[in-house]
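Chain by chain, the residues run as shown.
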Amino acid sequence: RRSSEAEEAFRELMSKYADFPGVHYAYGVYQMEIDQRVALAEFEKELQANPAHWSSMLVVAFLRTRDGEPEIGIQFTEKAMRLEPPRNHWISQTALGQAYLSMGAPEKAIPELEGALKQQPNNDSIHFFLEQAYRQAGRKADAQREKTEFVRLREQMDPRSMPTPPGMGGGPTDQAR
């Protein structure tokens, strides 16, 4: 909320401790809401200083995929997957699924997203991406099941965040029936 003070504090931190592990990552996280190009540069600087920083690899993978470079995103994700703790593999599997989806390869995305879902069955984002993958693969019933679960989980987190589609239960029109 005090961006000018935060910016000044980060400048001071960077001038004194730029080579310390995690400093560029922290500044990159801060920049994600302000300027994602600056954030990407900071995550890449973190990787230069700390090549095993798998969290930075995953953010770089996400940003590169989103910017239309899913092949680079896959490279960073695969490196991260070798370094991250096994309990976090779902993050890399989700990133791989997103990258494959953006390449139009749902047959590669589906097993990654299904694997991520086994570790995080209540993660609405994974259900969302899996619904897209199933839809691209022509698996309409599976896509509908994932969409229904996505909507259910999203409403559970914040009932006011999304209207309930008619016939799915919970909405004002369903209560009046």
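Refer to the structure above for everything that follows.
Residues numbered from 1 in each chain as written. Predicted model: local features only at pLDDT ≥ 70, side-chain atom pairs only at ≥ 80, totals over all residues. Heavy atoms only, no water.

J.: Got a minute to help me understand the overall build of the protein chain in this structure?
T.: Each helix and strand in the protein chain was counted, giving 10 helices and 0 strands. Reading the secondary structure of the protein chain in the N-to-C direction produces α-α-α-α-α-α-α-α-α-α. For the protein chain, with 177 residues in total, the buried portion stands at 40%. Partitioning the contacts of the protein chain with sequence separation of at least 6, the portion at a separation of at least 24 is 37%. Only carbon and sulfur atoms are counted for the fraction: they give 53% of the accessible area of the protein chain, which is about 10,500 Å². (Helix = DSSP H or I, 4+ residues; strand = E, 2+ residues; numbered from the N terminus. Buried < 20%, exposed > 50% of the residue type's maximum accessible area, 1.4 Å probe, protein only. Contact = heavy atoms within 4.5 Å. Areas by Shrake-Rupley, 256 points an atom, 1.4 Å probe, with all protein chains shown as cover.)

J.: Hey, could you run me through the packing of helix 4 (residues 54-66) against helix 5 (residues 70-83) in this one?
T.: Two quantities define a packed helix pair, namely the angle between the helix axes and the distance between the axes. Where helix 4 contacts helix 5, the axes come no closer than 8 Å and their chain directions differ by 160 degrees. Judged by the angle between their axes, helix 4 and helix 5 are roughly antiparallel. As for the relative orientation of helix 4 and helix 5, their crossing is left-handed in sense. Taking contact as the criterion, the partners of Trp54, Met57, Leu58, Val60, Ala61, Arg64 and Thr65 in helix 4 are, on helix 5, Pro70, Ile72, Gly73, Phe76, Thr77, Lys79, Ala80 and Leu83. Classifying every residue of the contact of helix 4 with helix 5 by side-chain character gives 10 nonpolar, 3 polar and 2 charged. (Axes fitted to C-alpha atoms, helices over the stretch in contact; angles between N-to-C directions. Parallel < 35°, antiparallel > 145°, perpendicular 65-115°, else oblique. Left-handed = near helix turned anticlockwise from the far one by under 90°. Nonpolar A, V, L, I, M, F, W, Y, C, P; charged D, E, K, R; others polar.)

So far we have only geometry, and geometry alone does not tell us how the molecule works.
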